[in-house]
Amino acid sequence: MNTTYYDHGTPAERWERARMFFDAKDYAAAARVLGALVEEVPEQTGPRLLLARAYYHSAQLRRAEAELRTIVERDPVEHYARLMLGRTLQRQGRQTEAEPHLRIASALAGDFGDGA
């Protein structure tokens, strides 16, 4: 297999490259780097969460949903993944499915909405 620019270097170098693409709003390029990185280190939440965000911002909502569900299964109190999952479902017109995730994300963030 030929090494491309997207998968060249150590995991740390690829993580930095992916973050640069993401920060430059080149979400498709970020996803290319992160996809391989997530396969290599599937237990790490950071790359998977950034991959989900890259998918979300590039309107690859089913892929974003799949990554976010994996994170939430492994770490049910990962509030940002819950929030992103809720927003991803909303963006797909699946409000009923989104609501529990959005409520849990708010509760985990300490926003109980009761004025307390």
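Here goes a summary of the coordinates provided. Small disclaimer: the values here were computed from a predicted structure and weren't measured.

1. Observations regarding the environment of tryptophan 15
Reasoning step 1: Tracing the backbone through its elements, the reader meets tryptophan 15 in helix α1 (residues 11–23).
Reasoning step 2: Assessed through its relative accessible area of 23%, tryptophan 15 is described here as partly exposed.
Reasoning step 3: Here the alpha-carbon distance between tryptophan 15 and leucine 37, two residues 22 residues apart in the chain, equals 7.6 Å.

2. With respect to the side chain of glutamate 67
Reasoning step 1: Following the sequence through the fold, glutamate 67 ends up in helix α4 (residues 61–74).
Reasoning step 2: Discounting chain neighbours no more than four positions away, the residues touching glutamate 67 are Val38, Arg48, Leu51, Ala52 and Tyr55.

3. Considerations on the nonpolar core
Reasoning step 1: In terms of nonpolar packing, the biggest core is built from 30 residues, with Phe22, Ala30, Leu34, Leu51, Ala54, Leu68 and Ala81 touching the most fellow members.
Reasoning step 2: Taken together, the elements giving at least two residues each to this core come down to α1, α2 (27–40), α3 (45–57), α4, α5 (79–91) and α6 (95–108).
Reasoning step 3: Sequence-distant contacts of leucine 34, that is, excluding residues within four places in its chain, are made with Trp15, Ala18, Pro47, Leu50 and Leu51.

4. Focus: the packing of aromatic side chains
Reasoning step 1: According to the stated counting rule, one finds one aromatic pair in the structure shown.
Reasoning step 2: Taking the centre distance of 5.0 Å and the plane angle of 70 degrees together, the rings of phenylalanine 22 and tyrosine 27 count as edge-to-face. In this pair, the class of phenylalanine 22 matches that of tyrosine 27, namely buried.
Reasoning step 3: Directly above the aromatic system of tyrosine 56 lies the positively charged group of arginine 91, at a separation of 4.7 Å from the ring centroid.

Cut-off values and rules
- Residues numbered from 1 in each chain as written.
- Predicted model: local features only at pLDDT ≥ 70, side-chain atom pairs only at ≥ 80, totals over all residues.
- Heavy atoms only, no water.
- Helix = DSSP H or I, 4+ residues; strand = E, 2+ residues; numbered from the N terminus.
- Buried < 20%, exposed > 50% of the residue type's maximum accessible area, 1.4 Å probe, protein only.
- Contact = heavy atoms within 4.5 Å.
- Core = buried A, V, L, I, M, F, W, Y, C linked by side-chain atoms within 4.5 Å.
- Phe/Tyr/Trp six-rings, centres within 6.5 Å; stacked < 30°, edge-to-face > 60°.
- Lys NZ or Arg CZ within 6 Å of the ring centre and 35° of its normal.

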